[in-house]
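# Secondary and tertiary structure notes
Listed below are the residues making up each chain.
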Amino acid sequence: MAEVLLLHHVLGRTKGIEAIADQLRDAGHTVHVPDLFKGRVFTSLEEGLAFVKEIGFEEVTARGVRAATELSRDVVYAGFSLGVPAAQQLAQTREGARGALFFHACLPPSVFKSEWPADLPVQIHAMDTDPFFVEDGDIDAARELVASADHAELFLYEGREHLFTDSSLPSYDAVATKLVIKRVLDFLA
């Protein structure tokens, strides 16, 4: 079974994020879900983004990276949107990473001043017309990452919702999320 560090999105550690962690735990995996916002949960992207701007995007990423310091090194790093930068940094630069799971976002590997480890497996999940993923260039970064790695998959789901995997949000897509969870559990196995 895998050990997973799961980093939440801009709305905080929502019930939907916890539900995904519980599904992975139910399959026998150890899942850590640090609260990067120290108890704050937001109901809109605008509120969450305003909070993140207050504390700084770099600080949020640093909190995610610090969350790994108490864990063993053979971890799968998972991030949801805002949690992806820290998850990607850890997967790409921390020795011993076992894999990476990116949901709703991806950065070019060059952001971390190193290449993606060719043998490190990664899955990227997003909707094919999500404006944040497509218009902000994440889809191009995901394609670049997939092209540079030996074991990388980009899964695009039909739709335009950004945080479609979070069951506590109106953007939730149960059908797509069921397929995401199946693919993630296969990856972790």
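Refer to the preceding data block for the structure.
A brief look at the structure comes next. (Residues numbered from 1 in each chain as written. Predicted model: local features only at pLDDT ≥ 70, side-chain atom pairs only at ≥ 80, totals over all residues. Heavy atoms only, no water.)

## Examining unusual backbone geometry
- Within the chain, Ser 81 stands out as a residue other than glycine whose phi angle is a positive 50°.
- Its place among the elements puts Ser 81 in the loop between β3 (76-80) and α4 (84-93).
- Judged by relative accessible area, which is 14%, Ser 81 ranks as buried.
- Here His 104, not a glycine, exhibits a phi torsion of approximately 75°, which is positive.
- Relative to the helices and strands, His 104 is located in the loop between β4 (99-103) and β5 (122-127).
- For His 104, a relative accessible area of 2% puts it in the buried group. (Helix = DSSP H or I, 4+ residues; strand = E, 2+ residues; numbered from the N terminus. Buried < 20%, exposed > 50% of the residue type's maximum accessible area, 1.4 Å probe, protein only.)

## Examining the side chain of Ser 171
- Tracing the sequence through the fold places Ser 171 in the loop between β6 (152-157) and α7 (174-188).
- Of the residues examined, Ser 171 reaches a relative accessible area of 15% and is grouped as buried.

## A word on the nonpolar core
- The biggest cluster of nonpolar side chains holds 39 residues, and the ones touching the most others in it are Leu 5, Phe 37, Tyr 77, Phe 102, Trp 116, Val 122 and Ile 124.
- Put simply, the parts of the chain that give this core at least two residues each are β1 (3-7), α2 (45-55), α4, β4, β5 and α6 (138-148).
- It is α4 that provides the largest number of residues to this core, a total of five residues.
- Of all hydrophobic cores here, the second largest spans 24 residues; its members include Ala 2, Ile 20, Phe 187 and Leu 188. (Core = buried A, V, L, I, M, F, W, Y, C linked by side-chain atoms within 4.5 Å.)

No statement about biological role is implied by the geometric values presented.
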